[in-house]
There are 2 protein chains.
Amino acid sequence: MSNQNKELKKTGLKATLPRIRILEVLELTKNEEAHMSAEDIYKELLAAGDDVGLATVYRVLTQFESAGIVKKHNFEEGHAVYEVISDDHHDHMVSLDDGTIYEFNDDLIEQRQKEIAQERGFELVEHSMVLYVRKINS
Amino acid sequence: MSNQNKELKKTGLKATLPRIRILEVLELTKNEEAHMSAEDIYKELLAAGDDVGLATVYRVLTQFESAGIVKKHNFEEGHAVYEVISDDHHDHMVSLDDGTIYEFNDDLIEQRQKEIAQERGFELVEHSMVLYVRKINS
DNA sequence: CTCCGTGCAAAAAATTTGCAACTCA
DNA sequence: TGAGTTGCAAATTTTTTGCACGGAG
C-alpha cells in the first residue's frame, strides 16, 4: 500500500486513482518549492498519460484543503496555488535582486502574531508573511 | 481644483470623471478599513448615479496601481481588493468567520523583520503580512 | 451491489480586450 | 482638434456545478 494511499485513508477519502495521482504530483514537487495551480497539476497529469478532468483536480484540491493535507495560497494574480502541508512552518524572504526565495522562521514574530490576534478577541489560525529584501552593498 | 484632481495630475493621468469618482470612493472608505473589490466600487458608483462601466473600473484600478496610488491585495478568495496607499503603514488581519478585514501595526514585528533581513545581509525593502483569525468562542 | 467519485459540458465568476463614440486639455 | 479615455459587448481565464456513467469497497 502506497504512502498516498495511507494518507488518503486517514482523511476518510476513498483512495481513487485521480486522488492518488494528484497527491503524488504535490509530494514530488514539495521540495522544489513549486507551488502549483490546479491547471499546472492538470497538465502535469495529462502529460504523464493520466486521464483526469480539470474539474476533478479542482474538486480534489478543495477536498484536500478541507482535509487539511494541502494549503491553498492566493499569492499570485489570477489563480490559486497549492502546496502539501508539512510539519515545519516557515515564512518567505524574496530577494528583489535576483528573485531568490529564502525560508526563515522566527519565534518572536510567531508569538507576537498570536498576541495581536488575542488582544482583539481572535485566535490566530494561520498567517502569511513575505519580506522583500535587497542585498546590502550591491 | 479638487484633491482627487491634484492627485491624478501628479500621476500624469487625465482627470476624467470616472477616475475622479473611483478615487473618491476609495478615499471615502479608507478610514473604514473597507477594502473594496472592483465590483464593489462599480456598484457604489451606480448607486450614486454615475454611469461607469465595470471594465473601466478594472482598467482605472490597474492604472492606479501602476501609478502607485492604490495597492492591490489578494487576501480573499476569488477576487482582488484595493485600498489607497497612505503614509501610515499597516498590516492586515482577516476574519475567517465573515471576511472582515482589520488593520493593525506592530512596532515589535516591524523591528524584528528588519533584523531578520539584516542578519542575512539584506535590507528590508517592504513586506506583506496577513493574519487569518477566527473569533474566540465564549 | 451500492455509493462515492469521475469526466464532460455547461454555468458562474472574475477580469481583459476590441472598438466606435466621446471628452478633457 | 485630437490623443487619451470610456462604455458596451464579446472574449478570456479561473473555478464551480449538474448529471449520467463508472469504479472502489
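One structure accompanies this document, and this report is about it.

Criteria and thresholds
- Residues numbered from 1 in each chain as written.
- Chains lettered and ligands numbered in written order.
- Predicted model: local features only at pLDDT ≥ 70, side-chain atom pairs only at ≥ 80, totals over all residues.
- Heavy atoms only, no water.
- Helix = DSSP H or I, 4+ residues; strand = E, 2+ residues; numbered from the N terminus.
- Contact = heavy atoms within 4.5 Å.
- Polar contact = N/O pair within 3.5 Å; in protein donor to acceptor, adjacent residues only side chain to side chain.
- Near = heavy atom within 4 Å.
- Nonpolar A, V, L, I, M, F, W, Y, C, P; charged D, E, K, R; others polar.

1. Considerations on the environment of His89 of chain A
All names here are of chain A. Structurally, His89 is set in the loop between β2 (81-84) and β3 (91-95). When near neighbours in sequence (up to four residues on either side) are disregarded, His89 contacts Asn105, Glu110 and His127. Within polar-contact distance, the side chain of His89 engages the side chain of Glu110 at 3.1 Å. Polar contacts involving the side chain of His89 include one to the side chain of His127, which spans 3.2 Å.

2. Overview of the protein's contact with DNA strand D
The full set close to DNA strand D counts 19 residues, and Tyr58 of chain A together with Thr16, Arg19, Asp51 and Thr56 of chain B are the nearest of them. Take Lys14 of chain B: an N or O atom from its main chain is 3.4 Å from a phosphate oxygen of DNA strand D. Here Thr56 of chain B contributes a side-chain N or O atom positioned 2.3 Å from a phosphate oxygen of DNA strand D. Elements with a minimum of two residues in the surface near DNA strand D: α4 (54-67) of chain A together with α2 (17-29) and α4 (54-67) of chain B. It is α4 of chain A that contributes the most residues to the surface near DNA strand D, four residues altogether. For the surface near DNA strand D, the per-class residue count stands at eight nonpolar, five polar and six charged.

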